[in-house]
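Results of the structural survey
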Amino acid sequence: SLPYIARREAAELHRSHQKPRSPEGWGLLLALWYLAFYKPIITESHLRRKNIKFIFIRFSAWQYAGCDKLWAGLVTTLCDSIRHHFGALPLSVFHVMGTRPRFASGFSQKEWVLKRGTCLKLWGMLFVLAAGLSILLVALLVPGIKDNHALKVVGSAVTSLSGSGLVLGAFSVLKNLLVSEKQKIERLTNSERFASQLGFMSKVRREVEVLVNFLAFMEIFERRRLRVVLEITSLDICYPEKVAGVLNAMNTLLSDANIPFIFILAVDPSVIVPCLEQTGCMKGLADNGYLYLNRTVTLPFSIPEMGARSRLRCLEAAVQTREDLMYRIITSNVERRQAKCRGVSEAPSRRQADAEAVRCIHEAFRCLHDGADPLARYLPTNGAHVRRIVNTIPITLRLLLHRAGAPGAPSPRAAAAWVVLADQWPCRLSWVLQCLEDAGQSQPPPPGLAGRSLWSIFQENVGELSALRQPLHNVLSLDGDPELFQTFLACHFPFTARDARVFLGVTVNLDHSIRHKMGLLRGLDRLQKAAAPAPVSR
């Protein structure tokens, strides 16, 4: 949020006593000066900066669904948006004269180093140009020397040679100013030799590397960290080949270390997974789209089912779109303004909530690091899964504190264990939650259901899961060791149905489409059993 970013900017200003800059107005001239004559240095002070500026880019895959290469539209959107944000001139000058930032040697805090070679070349060219112009003017204007043809030739040659270097540099900047990175990539994709162009991907990657180096340069110039957030939407209404192409482009852009890109993939997994399994990108992954998504996404965030209050908000938003009910917008604005006036003293309570959230997050991570805690033995050996768990725990705890501030709320250790459970055994946990939901919807509901353990519910319905193992084969392959699942729920973390209902609303690392698929298969299986003729006794 904006207040949070402003607080980080103020804290960084208090720490370093350096105000952030932007390439606008006089800042643009200063940026061009640094681009031309200085090399950026990544110092320890820069790495410790906490103020971050986010550049948000929205990419709707449906808008590019008609082109042959949808991923090319993703790259061109990225290039064009960064060019538009910073301006064409700084990026064009960086193409010609910019240098990639390098790390400081030792603990030096000097962020800019003069390009001595560039300065010497420029002064040499200017000196030779001045000398050539002087010779030419003398040969043209001084009496007695006007008739010296050789002196005129020497002056003209020296002036032309020295001036040509400056003209070529200006021409290169002008060329990059007129021809954007987007146009370069589009020209490559429109080439008749596109399909057989061996160096095509290397050229595209070179353009992306220039953008990455330019962003690293602007980080040091602006005195803040930069992150480009690319939101990808409408991918689940495109053809399967194009879906795979966009995901491959994402993996290509994120393949290098310290890449300043963050991709937000807003899709429906129940649609994306079959698309991936229809393409050839699944070779080596047992034709399992879920495995591919798990290796691509580092922070899964599955939106839980909409609650009663959320449904009412959606209804209110839909009603407000009616022109005959527009007065409600005015009324809500007045109420919001009054609430804002009454809530002047709410800032301290918000800071207290943030402090409590940080305390809970530290406690949860301490449990994961404690070798004596049974939770540590359930951590996966795969680095990608560990990152998913580390990324998910803070979000889960903040959602828990936001939703359940009453006494008896789950402990940070229990929340961390639930995140590990959802990451390591998504299929079995989804099956237990689906069985719990079906039992709660039956009439009358089983007595004592809220106090039953999840392990007892799983044992009771494991035979039905075994009967559906063929249609759920890909989902079952996501689960870890079944024996560890039993030990987890039966011994170390005996979660109950009541706990599951509390956690379900904040579980963001569990794909809810798996549970919906299980509900559909379970309902069909029960219908088939009910329709089957009863055996005739003789």
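Residues numbered from 1 in each chain as written. Predicted model: local features only at pLDDT ≥ 70, side-chain atom pairs only at ≥ 80, totals over all residues. Heavy atoms only, no water.

An unreviewed UniProt entry annotates the protein chain as NKPD1 protein of Cochlearius cochlearius.

**Points about the overall build of the protein chain**
A count of helical and extended segments in the protein chain gives 23 helices and six strands. Per-residue burial for the protein chain yields a buried fraction of 39% across its 538 residues. A separation threshold of at least 6 residues defines the contact pool for the protein chain, and within that pool the share at least 24 residues apart is 80%. Working note: accessible area of the protein chain is about 30900 Å², and carbon and sulfur atoms make up 59% of it. (Helix = DSSP H or I, 4+ residues; strand = E, 2+ residues; numbered from the N terminus. Buried < 20%, exposed > 50% of the residue type's maximum accessible area, 1.4 Å probe, protein only. Contact = heavy atoms within 4.5 Å. Areas by Shrake-Rupley, 256 points an atom, 1.4 Å probe, with all protein chains shown as cover.)

**Some words on the sheet that holds strand β5 (residues 225-233)**
Within the open sheet, the three strands sit side by side as β2-β5-β6. Their pairing is parallel. The strands lining the two open edges of the sheet, one partner per strand, are β2 (52-60) and β6 (261-265). Between one strand axis and the next, the sheet turns through 20 degrees on average, direction left out of account. With nine bridges joining them, β2 and β5 adopt parallel strand pairing. Residue pairing across strands places Phe 59 opposite Ile 232, the latter belonging to β5. (Pairing = 2+ DSSP bridges. Axes fitted to C-alpha atoms, helices over the stretch in contact; angles between N-to-C directions.)

**Side note on the packing of aromatic side chains**
One pass over the full model with this rule turns up 22 aromatic pairs. Between Tyr 378 and Phe 493 the ring centres are 6.5 Å apart and the planes differ by 70 degrees, which places this aromatic pair in the edge-to-face class. Linking Tyr 378 in the loop between α15 (346-369) and α16 (383-403) with Phe 493 in the loop between α21 (482-492) and α22 (497-504), this pair joins segments that are 115 residues apart in sequence. Residue classification places Tyr 378 among the buried residues on the basis of a relative accessible area of 2%. On the basis of relative accessible area, Phe 493 is assigned to the buried category, the value being 4%. A network of ring pairs unites the aromatic residues Tyr 378, Trp 418, Trp 425, Trp 455, Phe 458, Phe 485, Phe 488, Phe 493, Phe 495 and Phe 503 as a single cluster. Above the face of the Phe 221 ring, Arg 21 is positioned so that its terminal group lies 4.6 Å from the ring centre. In this structure, Arg 377 is placed above the aromatic ring of Tyr 378, and the distance from its NZ or CZ to the ring centre is 5.3 Å. (Phe/Tyr/Trp six-rings, centres within 6.5 Å; stacked < 30°, edge-to-face > 60°. Lys NZ or Arg CZ within 6 Å of the ring centre and 35° of its normal.)

**Notes on the sheet that holds strand β4 (residues 112-114)**
If you walk across this open sheet you meet the three strands as β3-β1-β4, and the pairing is mixed. At either end of the open sheet lies a strand with only one pairing partner, and these are β3 (102-103) and β4. Note: strand β1 (residues 38-42) against β3, two bridges, orientation parallel. Each residue of the ladder has a partner; that of Ile 42, found in β3, is Phe 103. Relative to the sheet, helix α2 (residues 26-37) contacts β1 and β4, its axis offset from that of β1 by approximately 90 degrees.

**A look at the side chain of Arg 21**
Relative to the helices and strands, Arg 21 resides in the loop between α1 (2-16) and α2. Despite its burial, Arg 21 remains without a salt bridge, the nearest opposite charge being carried by Glu 111 at 5.7 Å. Among the polar contacts made by the side chain of Arg 21, one reaches the main-chain carbonyl oxygen of Phe 221 at a distance of 2.8 Å. Not counting the four nearest positions on each side in its chain, Arg 21 is found in contact with Leu 30, Tyr 34, Trp 112, Ile 220, Phe 221, Glu 222, Arg 223 and Arg 224. (Lys, Arg positive; Asp, Glu negative; His and termini not counted. Salt bridge = Lys/Arg side-chain N within 4 Å of Asp/Glu carboxyl O. Polar contact = N/O pair within 3.5 Å; in protein donor to acceptor, adjacent residues only side chain to side chain.)

**Some words on unusual backbone geometry**
At Arg 223, a position not held by glycine, the phi torsion is positive, near 60 degrees. Along the chain, the position of Arg 223 falls in the loop between α9 (200-222) and β5. Residues other than glycine seldom take positive phi values, yet Ser 234 does so here, at roughly 60 degrees. With respect to the helices and strands, Ser 234 occurs in the loop between β5 and α10 (240-253).

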